[in-house]
Amino acid sequence: GDSVTQMEGPVTLSEEAFLTINCTYTATGYPSLFWYVQYPGEGLQLLLKATKADDKGSNKGFEATYRKETTSFHLEKGSVQVSDSAVYFCALRDDKIIFGKGTRLHILP
Amino acid sequence: NAGVTQTPKFQVLKTGQSMTLQCAQDMNHNSMYWYRQDPGMGLRLIYYSASEGTTDKGEVPNGYNVSRLNKREFSLRLESAAPSQTSVYFCASNPLALSYNEQFFGPGTRLTVL
């Protein structure tokens, strides 16, 4: 069945460092791909999405490109801030939505 | 426009007690969902309602029941709570079950079963 695998955390970086959180998927169809972010004590909220191969989603300095050849949707940001500390979830939506287990990100000032 | 709201925010139960978690959305969405979030497990789907009048089991339905009261409201009931149901519960909605739209999440209910 469909699945999402993302890198385990926690990931700890210094402010202004480059961020990559890896996400790979398996799917029988042609899913849409999403990154959600969960700040402490809150629900998940959509960060960015891509609906077809080679699409790039971007928001708040974060980017991810839908790579069908490598079945990946890695999240990147060029310069992280303390306020980016949160849990990040990769997800795919085909006939149902499937979430990865989440990656906790800590940014140190 | 409040989005997705959940009550209560926190709840402590004793084993065997029952309770209902409430969820409402004001976005006129057709589909609503209940998830539980446990450390290291990500989100797991408990039940969902593709449209008013329908409900279906998700990945982990045992020990829960749901009611889609109307288009706005989708409640989750624990008939006899167990410590294994200690978790954070999230309600979510989106316009159509089979669409590629994002899901909108409520703020969560943190449940502890002693």
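Residues numbered from 1 in each chain as written. Chains lettered and ligands numbered in written order. Predicted model: local features only at pLDDT ≥ 70, side-chain atom pairs only at ≥ 80, totals over all residues. Heavy atoms only, no water.

Draft legend 1. Up close: the interface of chain B and chain A. With 20 residues of chain B in contact, the opposing surface of chain A contributes 19 residues. Where chain B abuts chain A, roughly 1,500 Å² becomes buried across the two surfaces, and 52% of that area is made up of carbon and sulfur atoms. Inspection of the chain B/chain A interface yields zero salt bridges. Applying the counting criterion to the chain B and chain A interface returns three residue pairs in polar contact (both at pLDDT 80 or more). (Contact = heavy atoms within 4.5 Å. Buried area = accessible area lost by both parts, 1.4 Å probe. Salt bridge = Lys/Arg side-chain N within 4 Å of Asp/Glu carboxyl O. Polar contact = N/O pair within 3.5 Å; in protein donor to acceptor, adjacent residues only side chain to side chain.)

Draft legend 2. Spatial organisation of the packing of aromatic side chains. Using the criterion set out here, one finds 11 aromatic pairs over all chains in the structure. Where Tyr25(A) meets Tyr66(A), the ring centres are 6.1 Å apart and the plane angle is 80 degrees; that geometry is what we call edge-to-face. Linking Tyr25(A) in strand β4 (residues 23-26) with Tyr66(A) in the loop between β8 (62-65) and β9 (75-77), this pair joins segments that are 41 residues apart in sequence. Each member of the pair, Tyr25(A) as well as Tyr66(A), carries the same accessibility label: buried. Arranged with centres 5.8 Å apart and planes meeting at 35 degrees, the rings of Tyr35(B) and Phe105(B) form a pair that is tilted. One end of the pair, Tyr35(B), is in strand β4 (residues 31-38); the other, Phe105(B), is in strand β10 (residues 104-105), with 70 residues separating them in the sequence. Both residues of the pair, Tyr35(B) and Phe105(B), belong to the buried class. (Phe/Tyr/Trp six-rings, centres within 6.5 Å; stacked < 30°, edge-to-face > 60°. Helix = DSSP H or I, 4+ residues; strand = E, 2+ residues; numbered from the N terminus. Buried < 20%, exposed > 50% of the residue type's maximum accessible area, 1.4 Å probe, protein only.)

Draft legend 3. Highlighting the environment of Gln6(A). Residue and element names in this part refer to chain A. Inspection of the secondary structure puts Gln 6 in strand β1 (residues 3-6). The exposure class of Gln 6 is buried, given its relative accessible area of 10%. Taking the C-alpha atoms as reference points, Gln 6 and Gly 29, separated by 23 residues in sequence, lie 20 Å from one another. With residues up to four places along the chain from it excluded, the contact list for Gln 6 reads Asn 22, Cys 23, Trp 35, Tyr 88, Phe 89, Cys 90, Gly 100, Lys 101, Gly 102 and Thr 103. At 3.0 Å, the side chain of Gln 6 and the backbone nitrogen of Cys 90 are in polar contact.

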